[in-house]
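# Structural overview for review
What follows is each chain in one-letter form.
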Amino acid sequence: MSAPTQAPLKQTPLKAPADIAAPGRGRVGDSPLRPDGNLKVKGEFAYSSDLFIDGMLWGATLRSPHPRARIVSVDISQALVTPGVEAVLTHEDVPGRKCFGLDNTWDQPVLAFDEVRHEGEPIALIAADHPETARRAMEKIVVEYEVLEPLTDARRAALDPTYPFVQERGGVVRHQPVRVGDVAAAKVAADVVVSSEFSVGIQDQAFLGPESGLAIPGEDGGIDLYVATQWMHNDLEQIGPCLGLPKEKIRMTLAGVGGAFGGREDLSMQIHAAMLAMHTGKPVKIVYNRYESFFGHVHRHPAQMHYEYGATRDGKLLYADVEIILDGGAYTSATLNVVGNAASLGVGPYVIPNIEIDAYGVYTNNPPCGAMRGFGAVQACFAYESMMDKLAEACGLSPVEVRQINAVSQGSILATGQVIEAPAPLAEMLARAEAMPMPAPVDASDIRNLPGGASQTTHGEGVVRGVGYGVGLKNICFSENYDDYSTARVRLEVIGGEATALVHTAAAEVGQGLVTLEAQIARTELGVTKVVIHPADTKVGNSGSSSASRQSYMTGGAVKAACEAVREAIFVLAGLYVGRAVSDLSLDGGKVVSVTDGVLATIEDVLGERVIEQTREFHHRPTSGMDPVTGQGASHTQLALCVHRAVVDVDVELGLVKVVEMAAVQDVGKILNRLSLEGQIHGGSAQGLGLAVMEEIVVVNGLVKNPSFTDYLIPTILDMPPMKLDILENADPQAPYGLRGAGEPPTLSSTPAVVAAIRDATGLALTRVPIRPEHIVSS
């Protein structure tokens, strides 16, 4: 029997918006193409793994095969005599402090010295003249272990004081309660009560550029580091003490970053490469392979959650009783802050008068977990949105109705007592999502449109369509009393007869398009066309982390402030140039313009041979900590909302899922670059889809079973559906240009929307993500 013929897929030529690359454009609100775009598409962009210098050595890391064991001895003798090997280092060779860690925790060993606490923990380093030589020598290191039973039960670590890990290390990294009203009384008054247990697997950031970098010893006894990271100054705070060097002797430059999503906030190879370079006196390059990368960075915290909601018969929420347990793995990393986010955003953008939340972050011997896009809010969002669907069913309401009944609006009070300020009305956003046109019914004549695709698992039999909604509330920038700031230096001079702005920050371009936006801001504020972005390094002040959807807000704010200072200096020079006082000046198209006198001069004439340079810091408004008992406090500087509607087709006989379409409504405050913004919403939605139906690091008794992109699946271009976007602009008066961070919110709401659509198609509870085929067919 011959295979059915397939019509060729229709291809629509891509057409860029009319303002892209238009002469003289490229200001805030335009969509100029990113300067690194062509290079990346053509494979010509230099990533950190492409770094090379004559005479460099190659570094390699020996890692533990056990999730928990005592180190009895380490024998490096045979590795040392391997031809081509120039150094083999253990913890005894760490020049300074033996541990590092985020947030001044200092609990993660540079190299294990007594016990390994997770699979893949680094034990020894090798530098050799060839990567294969380093690998062969690594296999000659003999480590004698006393293997111990791994402690992997996060719930016991949180709640059972007799659990061994609790006795050894304290068990709980942070417990953050939230208390509002009287839940006990509300339980008596509730007409409708729904409850459920939820769990979220370990998601990986799955960036394509592996951990890599180059360390070059300096003549002054210092070190030059070229690395892919998210926050150079934070790296510097940890690297210096471990190397025994003052910060001024460590010079860091950002190398090409192949994605991050939180996975590069923690150190990976930085200290290791620097140790080898200092020991050998030669440059050392380290590049992880994909297998090692799965052990070389933190992941998203897996979660176990219990939720109970009570409401009136008409769906008005009366109380929430919530327990969230986040498994941080072996070391602290970002768990302290992840717990704060999970607790403060634990019931989402809904008005609930009585709340009890207990959020825990715990230590186990599972893989270390830390920052990932969404940062504690993703796990909670899956649970609270699932609960809203369950409440809707119990009250006989639609999923949209129950959310609109309880939705926050301007002036609403969140669980922590924080007042909602200036987001779009959530009820309206839900209505807009619901009103978007639905995709056409499935065309079963082309099997590529069906779950399973060209594998011919179905020709339409057993395929059911479902629709689901999800809402996410995400904090923007750093929270809980952290003095979040960014620094920018802007220099203006005439080069080749043209006024040229040089923007210098330490902010990491990790693929989000920050370098494009920095240039847009400079063109907007200085009225010039030519803008050069200085390579990010530590020769300028701290710019904070490329995380928390904060760089457009914080570094954008710093660039804007520095440009404003440069502009004021130009105005002073303009007065000197024309020989009289002038007012109401502006810069436009390379000219100094007066409202009353018109064009006074060109910027080039005013500057002459002068150079104007200004450095400014930008701080967001202060936040408070969370009360350790009640969780109350205005702990976030800005909040952002996104609503998703997902449409899926499910083969209910085989458990296969095809996401047909995703639609998103998001309030971004102000569109700075629509092309980049849409890419952020698409990307966040893709990661949320991945968590919903495919992405999970499978861990059994502390051991990772799928450390490869063969077995750890991420959405491809064939898995991502068409997207409809409705982008709202409700300006935040506290933020530069009124913007609202946009990169993370779609990661929250996309997961529960896809899961809700699968529930709609199957009628199953589906309380765990990712959903696998067996969860559908065996339920």
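Residues numbered from 1 in each chain as written. Predicted model: local features only at pLDDT ≥ 70, side-chain atom pairs only at ≥ 80, totals over all residues. Heavy atoms only, no water.

### Quick look at the overall build of the protein
- Helix and strand counts for the protein stand at 19 helices and 31 strands.
- Taking 28 Å as the expected radius of gyration for a compact globule of 779 residues, we find that the protein reaches 27 Å, a close match to that expectation.
- With respect to the three principal axes, the spread of C-alpha positions in the protein is 80 × 75 × 70 Å.
- Taken over 779 residues, the protein has a buried fraction of 59%.
- By sequence separation, contacts in the protein at least 24 residues apart represent 80% of the contacts at least 6 residues apart.
- Carbon and sulfur atoms make up 53% of the accessible area of the protein, which totals about 29,400 Å².
- The protein carries 62 positive and 92 negative side-chain charges, and their two centres are separated by 3 Å. (Helix = DSSP H or I, 4+ residues; strand = E, 2+ residues; numbered from the N terminus. Rg over C-alpha atoms; globule rule 2.2 N^0.38 Å. Buried < 20%, exposed > 50% of the residue type's maximum accessible area, 1.4 Å probe, protein only. Contact = heavy atoms within 4.5 Å. Areas by Shrake-Rupley, 256 points an atom, 1.4 Å probe, with all protein chains shown as cover. Lys, Arg positive; Asp, Glu negative; His and termini not counted. Charge placed at Lys NZ, Arg CZ, Asp CG, Glu CD.)

### Thoughts on the packing of helix H17 (residues 674–693) against helix H18 (residues 745–762)
- The interhelical angle for the contact between H17 and H18, taken along N-to-C directions, is 45°, at an axis separation of 7 Å. Classified by the interaxial angle, the pair formed by H17 and H18 is oblique. For the pair H17 and H18, the crossing hand works out as right-handed. Facing H17, whose interface residues are Gln680, Ile681, Gly684, Ser685, Gln687, Gly688, Leu689, Leu691, Ala692 and Val693, H18 presents Pro746, Thr747, Ser750, Thr751, Val754, Val755 and Ile758.
- Residue classes in the contact of H17 with H18 are distributed as nine nonpolar, eight polar and no charged. (Axes fitted to C-alpha atoms, helices over the stretch in contact; angles between N-to-C directions. Parallel < 35°, antiparallel > 145°, perpendicular 65-115°, else oblique. Left-handed = near helix turned anticlockwise from the far one by under 90°. Nonpolar A, V, L, I, M, F, W, Y, C, P; charged D, E, K, R; others polar.)

### Quick word on the pattern of salt bridges
- Inspection of the entire model under this criterion finds 43 salt bridges.
- Arg155 is the partner of Glu323 in a salt bridge, and the nearest nitrogen-oxygen pair spans 2.5 Å. In this pair, Glu323 sits in strand E16 (residues 317–327) while Arg155 sits in helix H4 (residues 154–159), placing the two residues 168 residues apart along the sequence.
- Looking at Arg155, the relative accessible area reads 25%, which means it is partly exposed.
- For the salt bridge of Glu237 with Lys247, the shortest nitrogen-to-oxygen distance reads 3.0 Å. (Salt bridge = Lys/Arg side-chain N within 4 Å of Asp/Glu carboxyl O.)

### A few points about the packing of helix H11 (residues 377–395) against helix H12 (residues 399–406)
- Contact pair H11 / H12: the axes reach a minimum separation of 8 Å and the direction vectors enclose 110°. Considering their axes alone, H11 and H12 lie roughly perpendicular with respect to each other. Here Glu385, Met388, Asp389, Leu391 and Ala392 of H11 lie close against H12, whose contacting residues are Pro399, Val402, Arg403 and Asn406.
- Along the lines of polarity and charge, the residues of the contact of H11 with H12 split into five nonpolar, one polar and three charged.

### Some points on the sheet that holds strand E22 (residues 585–588)
- Read from one edge to the other, the open sheet built from three strands follows the order E22-E23-E24, with strand pairing classed as antiparallel. The open sheet terminates on both sides in strands that have one partner only, identified here as E22 and strand E24 (598–602). Ignoring which end each strand starts from, the neighbouring axes of this sheet average 30° apart.
- Sheet analysis places strand E23 (residues 591–594) next to E24, joined by four bridges and oriented antiparallel. Bridge assignment links Lys591 to a residue of E24, and that residue is Thr602.
- Against the sheet, helix H15 (residues 551–578) contacts E22, E23 and E24, and its axis sits at roughly 105° relative to E22. (Pairing = 2+ DSSP bridges.)

### Regarding the sheet that holds strand E9 (residues 172–180)
- Strand order across the open sheet formed by six strands is E9-E17-E16-E15-E10-E31, with mixed pairing between neighbours. Since the sheet does not close on itself, it has two edges, and those belong to E9 and strand E31 (768–769), each with one partner.
- Of the pairings in the sheet, the one linking E16 to strand E17 (residues 354–362) comprises nine bridges and is parallel in character. The residue of E17 that forms the bridge with Leu326 is Gly361.

### Remarks on unusual backbone geometry
- With an omega of 0°, the peptide bond between Val769 and Pro770 qualifies as cis.
- Tracing the backbone through its elements, the reader meets Pro770 in the loop between E31 and helix H19 (773–777).
- With a phi close to 50°, Trp106 is a non-glycine residue in the positive phi region.
- When you line up the elements, Trp106 lands in the loop between strand E4 (99–100) and strand E5 (108–109).
- For Trp106, a relative accessible area of 18% gives the class buried.
- Here Gln456, not a glycine, exhibits a phi torsion of approximately 60°, which is positive.
- Among the structural elements, Gln456 can be located in the loop between helix H13 (426–435) and strand E18 (463–476).

### Description of the packing of aromatic side chains
- Per the counting criterion, the structure on display carries eleven aromatic pairs.
- Here Phe294 and Phe709 contribute two aromatic rings whose centre-to-centre distance is 5.8 Å and whose plane-to-plane angle is 80°, an arrangement assigned as edge-to-face. On the criterion of sequence distance, the pair formed by Phe294 in helix H9 (residues 290–296) and Phe709 in the loop between strand E29 (703–704) and strand E30 (723–728) is long-range, its members being 415 residues apart.
- According to the relative accessible area criterion, Phe294 is buried, its value standing at 3%.
- Taken together, Phe198, Tyr307, Tyr309 and Phe382 form an aromatic cluster joined through their ring pairs.
- Here the basic side chain of Arg63 rests over the ring of Tyr288, its NZ or CZ set 5.0 Å away from the ring centre.
- Lying over the aromatic face of Tyr737, Lys560 brings its terminal NZ or CZ to 5.3 Å of the ring centre. (Phe/Tyr/Trp six-rings, centres within 6.5 Å; stacked < 30°, edge-to-face > 60°. Lys NZ or Arg CZ within 6 Å of the ring centre and 35° of its normal.)

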